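Overview (structure and organization)
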Amino acid sequence: MPQSFAGPPFDLEDLIPELAVLGQRTTLLLPKNGSPGIRESSLGGPILWPADEPWPSCGQPGHWAWPNEKSPAGTVPMVPVVQLFARDVPELAFPDGMDVLQLVWCPLIHPLDHAAAALPKLYWRSEADVLATEVLRNSPAPQEGEYEEDFMPQPCAVSPTTAVEYPNWDLPPGLRQTLQPRIEELERHFDLEYTRFAGALQSKVGVYPAWNQPPDWPDCERGHRMEHLLSITAEEDLDMDIGDMGSIYIFLCRQCSHLPYTHRYDC
Ligand SMILES: [Zn+2]
Ligand SMILES: [Zn+2]
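These notes cover the structure that comes with them. (Residues numbered from 1 in each chain as written. Chains lettered and ligands numbered in written order. Predicted model: local features only at pLDDT ≥ 70, side-chain atom pairs only at ≥ 80, totals over all residues. Heavy atoms only, no water.)

A word on the coordination of the zinc ion (ligand 2). With distances of 2.2 to 2.3 Å, the protein atoms coordinating the zinc ion (ligand 2) are C220 (SG), H224 (ND1), C253 (SG) and C256 (SG). Around the zinc ion (ligand 2), the four donor atoms are arranged such that angles at the metal cover 99 to 120°; this shape is classified as tetrahedral. Given a relative accessible area of 2%, C256 falls into the buried group. (Donors = N, O, S within 2.8 Å, 3.2 Å for Na, K, Ca; no water. Tetrahedral: all angles 85-135°; square planar, octahedral: opposite > 155°, others 65-115°. Buried < 20%, exposed > 50% of the residue type's maximum accessible area, 1.4 Å probe, protein only.)

Structure below.
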């Protein structure tokens, strides 16, 4: 898996002009070593949390971790996965008055969730509002047996960087057919799969999920097609490691005022 997506090693829009209108700017998170604080963007780092708000926990019956495959008694504290401040991700539209986005999840395996993924929870906050109250200094952490290593992101800093990416499995089917011969020719010529140069297979904000499995775009309960908000992807050689667990994509509906979200697990 490439550590950093730099786009194709040629001008893709020159070679396949039909792609030009489909190119969109994503923000790669690019994790790096560091000890981020609660007022910094991070993957797996401590997050800015109001002391008077209960820390999220998961009590789903039957969630479990290797090797004992037993469910812990009681609830398990969720763990921080992503925190992004608006100042670090200018391409990401925040709801009015909000400038912090946080994602936490349960670090256990969930057999009842069809995706076996970590039941992510999303929070939008105002940094100033949280700072005006007392801030939680030490968030509760799961104990031995209460987490699955692969779902425990290690704290690391991020270097958000924008890049243009193009759809792969999300190409309109008719266009896919039209372009297929030229895509294959490029793949042969550059000895690189289209998947590798069209889009970013890594943790990122927005645009096209990398989709290892066939695309599975969710609709909200009112039937709106949701947008891809975040991808959390296992990356080699990095402190952020969700192991072989593949990718978790978070989707958001901005057409509904309560901003419903859901996730897809892609392995
Ligand atoms: Zn759980
Ligand atoms: Zn909706």
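Resuming the write-up.
All right, on to the sheet that holds strand β8 (residues 121–125) then. The strand order β2-β9-β3-β6-β7-β8 describes an open sheet built from six strands, whose pairing is antiparallel. At either end of the open sheet lies a strand with only one pairing partner, and these are β2 (31–32) and β8. Bridge count between β2 and strand β9 (residues 156–158): two bridges; the pairing is antiparallel. Bridging from a neighbouring strand, P31 pairs with V158 of β9. (Pairing = 2+ DSSP bridges. Helix = DSSP H or I, 4+ residues; strand = E, 2+ residues; numbered from the N terminus.)

Let us look at the environment of P54. Position of P54 among the secondary structure elements: in the loop between β3 (42–43) and β4 (57–58). On the basis of relative accessibility, which here comes to 66%, the residue P54 falls in the exposed class.

Ligation of the zinc ion (ligand 1) by protein atoms is provided by C58 (SG), H63 (ND1), C106 (SG) and H110 (NE2), these donors lying 2.0 to 2.3 Å from the ion. Each of the four donor atoms around the zinc ion (ligand 1) contributes to a set of angles spanning 105 to 114°, which defines the coordination as tetrahedral. Linear spacing of the donor residues for the zinc ion (ligand 1) on their chain is C-x4-H-x42-C-x3-H. Comparing C106 with H110, the two get one shared label, buried.

Let us now look at the sheet that holds strand β14 (residues 261–266). Within the open sheet, the six strands sit side by side as β10-β1-β11-β12-β13-β14. Their pairing is antiparallel. Bordering the open sheet on either side are β10 (161–165) and β14, each of which pairs with just one other strand. One ladder, built from six bridges, connects strand β12 (residues 227–233) with strand β13 (residues 247–252); its direction is antiparallel. In the sheet register, S231 faces β13, and the bridge partner there is Y249.

Another aspect to go through is the pairing of β13. Counting buried positions along β13 yields six of six residues, so the element is predominantly enclosed. Neither face of β13 is left uncovered, since the one carrying S247, Y249 and F251 and the one carrying I248, I250 and L252 both have all their residues buried. When β13 meets β14, the two strands line up antiparallel, connected through six bridges. Paired with I250 across the strands is H263, a residue of β14.

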